[in-house]
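# Chain and residue survey
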Amino acid sequence: MSSPYTTPPQRDSWFAPLSIDLIIKVFKRTFFHPFIAWIVPLCFRAQNMFWDAPPMLVSIAWASFISISWILGAINNRLAFGLPREVDLSEEVIVITGGASGLGLLIAEVYGMRGATVAVLDVKEMENGEARGVTYYKCDVTDKAQIARVAAEIERDLGTPTVLINNAAIVNGKRLLDMEIADIEKSIATNLTSHFYTLKTFLPALARSEVGGTVVTVSSVIGHVGAAQLTDYAAAKAGITAMHKSLTAELRETHPDIRTVLVTAGQLSTPLFYGVQTPNAFLAPVVEPVDVAKEIIAAIDNGHNASIGMPLYARWIDWYNVLPIGVQAIARRIAAVDTSMRNFVGRNGARHSEKNGVVIQAF
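Residues numbered from 1 in each chain as written. Predicted model: local features only at pLDDT ≥ 70, side-chain atom pairs only at ≥ 80, totals over all residues. Heavy atoms only, no water.

### Here we look at the UniProt feature "domain: Ketoreductase" (unreviewed entry) in the protein
How we decide: UniProt positions are given in the numbering used here, feature names are shortened, and annotations may be inferred rather than shown by experiment. The helix and strand labels rest on DSSP assignments: H or I over at least four residues marks a helix, E over at least two residues marks a strand, and numbering proceeds from the N terminus.
UniProt annotation of "domain: Ketoreductase" (unreviewed entry) refers to residues 92–271 when read in the numbering used here. Taken end to end, residues 92–271 is 46% helix and 21% strand, and its two terminal C-alpha atoms sit 29 Å from one another.

Rendered as structure tokens:
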């Protein structure tokens, strides 16, 4: 499965295919995996090496350290996220906002092919026309009445929703002084307020489902750090991140069978941010939607609560605000976070200009 979009243009470099994420991924499956770590002392023993030999002691110490780390990681996840819910795809009804293209479409197609029932809500027609197991509903998620109407149709046509994936987003890509009030209102309504509308509409259905449910919130690292030409977008993403954490706390007390998944993504290779150049493809690679989709699907399939951050720096972005202000300023200059939007063109450069800079696209 591959993304239907080409990767946004990036600076040329000889190590372009190589990134810190790829290196960490390789290490986690080799040197940092307990099974591989214990093979080393076993190989030494197969060579009749004594148990008190320095290489044997070092290899055993390393394997023990890695094994304990994995056990502690599993305990940490259990304490943080609790027990998983049972998931039977034949009984799941999955609602995806902004699912006509990009990340949402990938998730919809995968679940449709695997036998789940999928409802896509979008203002645009689906890019692939139609997909197996996927039903399209034309819906503006900023309109409460449309959401209520479509929710009733979904329950009548497909059954009680069990999974809600809030994925729709828009980007203006303008400086605050260059935006009209209407631009700001549309951005906040789509990127933030719509989450409250869909949750208020679909969450009661998830609550009465016999198999529990899952709520997925697609946010962004921009909500943690902000960026020039993204004031409205950053404010909205910060809002839905805080909303998701508060909702998780509420559901843990009132509806423990409902799982929540927070997705904090970096730059995705979808038209939402087409033209934006990452300053360092090694440390901050552009993420393929298929990779994010795999993580979201795995969390839903396993019935887990989860916090997904991609690429690597997105998982550690909270530490940015712990740094001294001066260090933060230096990091912003090095990362070029406030200049990367200068080449922003969105889904289509010509269409972008004709529509006053507004690009409507699912993250």
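### Remarks on the sheet that holds strand E3 (residues 134–138)
Put simply, the rule reads: A pair of strands is labelled paired if DSSP reports no fewer than 2 bridges between them. Angles run from 0 to 180 degrees between N-to-C directions of axes, and those axes are lines fitted to C-alpha atoms, restricted for helices to the stretch in contact. Any two residues whose heavy atoms approach within 4.5 Å are treated as being in contact.
Reading across the sheet, the seven strands line up as E3-E2-E1-E4-E6-E7-E8 and stay open at both edges, with parallel pairing between neighbours. Of all strands in the sheet, those bounded by a partner on one side alone are E3 and strand E8 (306–310). If you compare each strand with its neighbour and ignore which way they point, the axes differ by 15 degrees on average. Both strand E1 (residues 93–97) and strand E4 (residues 163–166) contribute to a ladder of three bridges, which runs parallel. Across the sheet, Ile-94 pairs through a bridge with Val-163, a residue of E4. Of the strands in this sheet, E4, strand E6 (213–220), strand E7 (258–265) and E8 are in contact with helix H9 (residues 289–301), which crosses E8 at around 170 degrees.

### Section: a nonpolar patch on the surface
Which entries qualify depends on this criterion: Each patch is built from residues lacking any salt bridge and having more than 30% relative accessible area; the joining distance is 9 Å for like charges and 5 Å for nonpolar side chains (Val, Leu, Ile, Met, Phe, Trp, Tyr). For the accessible areas, the method is Shrake-Rupley and the probe is 1.4 Å, while residue cover comes only from the protein chains on display. By convention in these notes, a salt bridge is any Lys or Arg side-chain nitrogen within 4 Å of a carboxyl oxygen on Asp or Glu.
A surface patch of nonpolar side chains, amounting to about 500 Å² of accessible area, comprises Phe-27, Phe-31, Phe-32, Trp-62 and Phe-65. Tracing the sequence through the fold places Phe-31 in the loop between helix H1 (20–28) and helix H2 (34–46).

### Re the pattern of salt bridges
For the record, the criterion: Note on exposure labels: buried denotes an accessible area under 20% of the residue type's maximum, exposed denotes more than 50%, and partly exposed covers the range between, all computed with a 1.4 Å probe on protein chains only.
A full pass over the atoms with the stated rule returns nine salt bridges. Between Lys-124 and Asp-122 there is a salt bridge; the shortest N-O distance is 3.7 Å. A relative accessible area of 5% means that Asp-122 is categorised as buried. Ionic pairing is found between Lys-174 and Asp-183, a salt bridge with its closest N-O pair at 3.2 Å. Judged on exposure class, the residue Lys-174 and its partner Asp-183 are both buried.

### Structural notes on the packing of helix H5 (residues 144–157) against helix H6 (residues 181–208)
Under the convention used in this document: Small angles under 35 degrees read as roughly parallel and large ones over 145 as roughly antiparallel, with 65 to 115 read as roughly perpendicular and the rest as oblique. For a crossing to be left-handed, the near helix must be turned anticlockwise from the far one by less than a right angle; the clockwise case is right-handed. Each residue is assigned to one of three groups, with Ala, Val, Leu, Ile, Met, Phe, Trp, Tyr, Cys and Pro labelled nonpolar, Asp, Glu, Lys and Arg labelled charged, and all others, Gly among them, labelled polar.
Running from N to C, H5 and H6 point in directions that differ by 25 degrees, and their axes come no closer than 8 Å. Regarding the angle of H5 to H6, the classification is roughly parallel. Here H5 runs over H6; the crossing is right-handed. Contact with H5, carried on its side by Lys-144, Ile-147, Ala-148, Ala-151, Ile-154 and Glu-155, involves Tyr-197, Thr-198, Thr-201, Phe-202, Ala-205 and Arg-208 of H6 and no other residues of that element. Of the residues assigned to the contact of H5 with H6, the class counts are seven nonpolar, two polar and three charged.

### Quick look at a positive patch on the surface
Counted only if it meets this: By the counting scheme adopted, Arg and Lys are positive, Glu and Asp are negative, and His together with the chain ends is not counted. Throughout, a charge is located at the NZ atom of Lys, the CZ atom of Arg, the CG atom of Asp or the CD atom of Glu.
Together, Lys-25, Lys-28, Arg-29, Lys-294 and Arg-315 make up a positively charged patch on the protein surface. Relative to the elements of secondary structure, Lys-294 occurs in helix H9.

### A look at the packing of aromatic side chains
Formally: Here a Phe, Tyr or Trp ring, Trp counted by its six-membered ring, pairs with any other such ring whose centre lies within 6.5 Å, and the pair is stacked when the planes are under 30 degrees apart, edge-to-face when over 60, and tilted otherwise.
Going through the model one piece at a time under the given rule, you end up with four aromatic pairs. When the centroid spacing of 6.0 Å and the interplanar angle of 45 degrees are considered together, the rings of Phe-32 and Trp-62 count as tilted. Of this pair, Phe-32 sits in the loop between H1 and H2 while Trp-62 sits in helix H3 (residues 54–81); the two residues are 30 residues apart in sequence, bridging distant segments of the chain. Residue class for Phe-32 comes out partly exposed when judged on its relative accessible area of 34%. Given a relative accessible area of 36%, Trp-62 falls into the partly exposed group. Centroid distance Trp-62 to Phe-65: 5.9 Å. Interplanar angle 35 degrees. Geometry classified as tilted. Within this pair, Trp-62 and its partner Phe-65 are both found in helix H3, separated by three residues, close to a single helical turn.

### Remarks on H2
An α-helix turns once every 3.6 residues. As a result, residues three or four positions apart point the same way. Condition: An expected span of 1.5 Å times one less than the residue number is assigned to each helix.
Across its 13 residues, H2 extends 18 Å between first and last C-alpha, which sits within 8% of the 18 Å expected from 1.5 Å per residue. Residues of H2 that are buried include every one of Pro-34, Ala-37 and Pro-41, and no others. The inward-facing, buried residues of H2 abut H3. One or two residues past the end of H2 sits Asn-48, with phi positive at roughly 65 degrees.

### Considering the nonpolar core
Inclusion rule: Residues belong to a common nonpolar core when they are buried Ala, Val, Leu, Ile, Met, Phe, Trp, Tyr or Cys residues joined through side-chain atoms within 4.5 Å.
Judged by nonpolar contacts, the single largest core of 36 residues is most densely connected at Ile-107, Tyr-111 and Ile-296. Looking at this core, the elements that each hand over two or more residues are E1, helix H4 (102–113), strand E2 (117–122), E4, E6, E7, H9 and E8. In contact with Ile-107, other than residues within four places in its own chain, are Ile-96, Ile-165, Ala-293, Ile-296 and Ile-297. Ala-151, Ala-168, Val-215 and Met-243 belong to the second largest nonpolar core, which has 22 residues in total.

### Considering the UniProt feature "transmembrane region" (unreviewed entry) in the protein
The sites that UniProt annotates as "transmembrane region" (unreviewed entry) are residues 56–75. With 100% helix and 0% strand, residues 56–75 has its two end C-alpha atoms placed 29 Å apart.

### Description of the layout of surface pockets
Regions of empty space are outlined by a rolling probe, equal in size to a water molecule, passed over the atoms. Just so we agree on the cut-off: Only protein atoms enter the 1 Å grid, on which a cavity is a set of points fitting a 1.4 Å probe that cannot get out and a pocket is an open set with protein on both sides within 12 Å along at least 5 of 7 lines, lining residues being those with an atom within 4 Å of a point. Grid points are joined across faces, edges and corners, and a volume is the space filled by probe spheres set on the points.
Estimates place the volume of the second largest pocket at around 900 Å³. Surrounding the second largest pocket, 33 residues form its lining, Ala-284, Tyr-313, Ile-317, Ala-335 and Val-337 being those nearest its centre. When contributions to the lining of the second largest pocket are tallied by element, the ones reaching two or more residues are helix H7 (222–225) and helix H11 (325–335). In terms of residue count, H11 provides more of the lining of the second largest pocket than any other element does, four residues in total. Broken down by class, the residue content of the lining of the second largest pocket amounts to 25 nonpolar, seven polar and one charged.

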